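Spelled out, the chains give:
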Amino acid sequence: MISPIAGGTLVDYYGGKVVMAWGVALWSLATFLTPWAAETSVLALLAVRMLLGIAEGVALPCMNNMIARWFPQTERARVVGLAMAGFQLGSAIGLTLSPILMSQGGMSGPFVIFGLCGFLWVLVWVSATSSTPEQSSQISAYELRYIQNKVAVPSLSKNEKNTREVIPPFRRLLSKLPTWSLIVANSMHSWGFFVILSWMPIYFKTIYHVDLREAAWFSAVPWSVMAVVGYFAGFWSDMMIQRGISVTLTRKIMQSIGFIGPGIALIGLTTAKSPLLASAWLTVAVGLKAFSHCGFLVNLQEIAPQYSGVLHGISNTAGSFAAMVGTVGAGFFVELVGSFKGFLLLTAFLYISAALFWNLFSTGERVNFDETA
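So, here's what we can say about the structure. Here the structure is a predicted model, which is why all the values come from computation and not from measurement. (Residues numbered from 1 in each chain as written. Predicted model: local features only at pLDDT ≥ 70, side-chain atom pairs only at ≥ 80, totals over all residues. Heavy atoms only, no water.)

A word on the overall build of the protein chain
- For the protein chain, the count of helices and strands is 16 helices and zero strands.
- For 373 residues, the compact-globule estimate of 2.2 N^0.38 gives 21 Å, and the protein chain sits close to it at 21 Å.
- With the principal axes as the frame, the protein chain shows a C-alpha extent of 60 × 45 × 35 Å.
- A burial count over the protein chain gives 51% of its 373 residues as buried.
- For the protein chain, the exposed surface amounts to about 17,300 Å²; the carbon and sulfur share of it is 70%.
- When the 22 positive and 16 negative side-chain charges of the protein chain are each reduced to one mean point, those points stand 3 Å apart. (Helix = DSSP H or I, 4+ residues; strand = E, 2+ residues; numbered from the N terminus. Rg over C-alpha atoms; globule rule 2.2 N^0.38 Å. Buried < 20%, exposed > 50% of the residue type's maximum accessible area, 1.4 Å probe, protein only. Areas by Shrake-Rupley, 256 points an atom, 1.4 Å probe, with all protein chains shown as cover. Lys, Arg positive; Asp, Glu negative; His and termini not counted. Charge placed at Lys NZ, Arg CZ, Asp CG, Glu CD.)

What to know about the nonpolar core
- Residues W223 and L269 are the most contacted members of the largest nonpolar core, which totals 64 residues.
- Among the elements that make up this core, the one with the highest residue count is helix α10 (residues 177-207) (twelve residues).
- Setting aside chain neighbours within four positions, we find W223 in contact with Q88, S91, A92, L95, F193, I196, L197 and V286.
- In this structure, W27, V58, A59 and I147 belong to the second largest nonpolar core, which totals 18 residues. (Core = buried A, V, L, I, M, F, W, Y, C linked by side-chain atoms within 4.5 Å. Contact = heavy atoms within 4.5 Å.)

Re a nonpolar patch on the surface
- Side chains of M1, F321, M324, V325, V328, F332, L336 and V337 sit close together on the surface and give an oily, nonpolar patch of about 820 Å² of accessible area.
- By secondary structure assignment, the location of L336 is in helix α15 (residues 308-337). (Patch = residues over 30% accessible without salt bridge, like charges linked within 9 Å, V, L, I, M, F, W, Y side chains within 5 Å. Salt bridge = Lys/Arg side-chain N within 4 Å of Asp/Glu carboxyl O.)

Things to note about the packing of aromatic side chains
- The full count for this structure, using the stated rule, is nine aromatic pairs.
- Judged by centre distance (5.0 Å) and plane angle (75°), the rings of F193 and F194 are edge-to-face.
- Using a relative accessible area of 4% as the deciding quantity, one classes F193 as buried.
- Given the relative accessible area of 32%, F194 is considered partly exposed.
- Summarising the aromatic geometry, the rings of F259 and Y351 are spaced 5.5 Å apart at their centres and angled 50° between planes, so their arrangement reads as tilted. (Phe/Tyr/Trp six-rings, centres within 6.5 Å; stacked < 30°, edge-to-face > 60°.)

Regarding the pattern of salt bridges
- Tallied over the entire structure, the rule returns two salt bridges.
- The shortest N-O distance in the salt bridge between D238 and R78 comes to 2.7 Å. Placement of the pair is D238 in helix α11 (residues 212-242) and R78 in helix α5 (residues 73-105), with a sequence separation of 160 residues.
- According to the relative accessible area criterion, D238 is buried, its value standing at 0%.
- Judged by its relative accessible area of 22%, R78 falls in the partly exposed class.
- Salt-bridge contacts for E302 lead to R251; the nearest nitrogen and oxygen are separated by 2.6 Å. Remark: R251 occurs in helix α12 (residues 247-269) and E302 occurs in helix α14 (residues 296-303); sequence separation between them is 51 residues. Taken as a pair, E302 and R251 share a single burial class, namely buried.

Here's the deal with helix α13 (residues 275-289)
- For α13, built from 15 residues, the straight-helix expectation of 21 Å at 1.5 Å per residue is met to within 8% by its first-to-last C-alpha distance of 21 Å.
- Taken together, the buried positions of α13 are A278, S279, L282, T283, A285, V286, G287 and K289. (Expected span 1.5 Å × (residues − 1).)

Some thoughts on the environment of A233
- Relative to the helices and strands, A233 is located in helix α11.
- Take A233: its relative accessible area is 2%, and that puts it in the buried class.
- A233 has contacts with M254, F291 and C294, leaving out every residue within four places of it along the chain.

Digging into the side chain of E302
- What makes E302 buried here is its relative accessible area of 4%.
- Among the polar contacts listed, one links the side chain of E302 to the side chain of R251, at a separation of 2.6 Å. (Polar contact = N/O pair within 3.5 Å; in protein donor to acceptor, adjacent residues only side chain to side chain.)

Topic: helix α16 (residues 341-361)
- Spanning 21 residues, α16 covers 31 Å between terminal C-alpha atoms, matching the ideal 30 Å at 1.5 Å per step.
- Residues F343, L344, T347, A348, Y351, A354, A355 and W358 constitute the buried set of α16. One side of α16 holds all its buried residues, which, seen down the axis, span an arc of 145°. Turned more than 90 degrees off the buried face of α16, the exposed positions are F349, L356 and L360. (Arc of directions from axis to C-beta.)

Brief notes about the environment of A227
- Tracing the backbone shows A227 in helix α11.
- Separated by 113 residues in sequence, A227 and F114 place their C-alpha atoms 20 Å apart.
- In contact with A227, other than residues within four places in its own chain, are A85, Q88 and L89.

Overview of the packing of helix α4 (residues 59-70) against α5
- At a closest axis distance of 11 Å, the pairing of α4 and α5 adopts a crossing angle of 150°. With respect to their mutual orientation, α4 and α5 come out roughly antiparallel. Where α4 crosses over α5, the handedness of that crossing is right-handed. Two secondary-structure elements touch here, α4 through L60, M63, I67 and A68 and α5 through R76, V79, V80, A83, M84 and F87. (Axes fitted to C-alpha atoms, helices over the stretch in contact; angles between N-to-C directions. Parallel < 35°, antiparallel > 145°, perpendicular 65-115°, else oblique. Left-handed = near helix turned anticlockwise from the far one by under 90°.)

Structure, rendered in structure tokens:
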């Protein structure tokens, strides 16, 4: 909850390459040190987990900032879908490999392996990327001119950085209803994402009596499907805009599918009588969630490209809070009521309510944040 706003502010000012590199390096270090911290003390464990959370908070603001500067509007949904595919495939790979690594190398196995992989990734990132096209030595002059002509938000020069305020206009950003539609959408997306990611293995173990390794497989399949669906949703979204459908209508259609679809599928999940059928409903729910990437996640770059990092940070902080409430609340709800089904129905209701709010107040046009509402 702490770092997305600060991270978004930093990435809008310093660029995504540096901020992302530091973020991944720090969260990889925290992951690598987790087994040591757990053996040392509870306070040490809490400290490295705090470092993990703080560092991870910069990732999505960095992504949005760099996409806004590198890609024209008619390509962004595909790019977001492709980038987020890594997000979902990471979840699928982690859920699948962790039980195997733990069975071979003990509880510390996943932390050590994933932490080292993160350090290797940073080396590739630093050597292969640039925050803006102007800073890249790997593109042609033709491609640079194409990007500069198509992209709505220019890169800041050194003089512009020196004169621009580091602290963004939070009051003006929060004075507009399109901002709040993003906050609500990110909150609901994170609620559903982390509740499913955290609780589905236990759900399959408790309801259908499958062992934890089998439950991990059942829970991992939907994330793989989400990665594939996300790219095709992005392709469809970009094609709609290229064919003349307004950006606003496109984003509303995509987000409606991304919320109403999972809501209906979660209702179906509560009726499933077998783990196979439950996995099918879960796959539909998670797969359709990918349409949200072509809704609110791309919309962040459209209503305020110059503030895309900090705007994502604001909405991501709300999303982190919602994810925390949903994940912890699910446990309390199940203990009090004695059933997962009630919480899944509550989540379905929240999905549909968030879709309604989005359709009422979102826009695909650039919003003037130089004036208060």
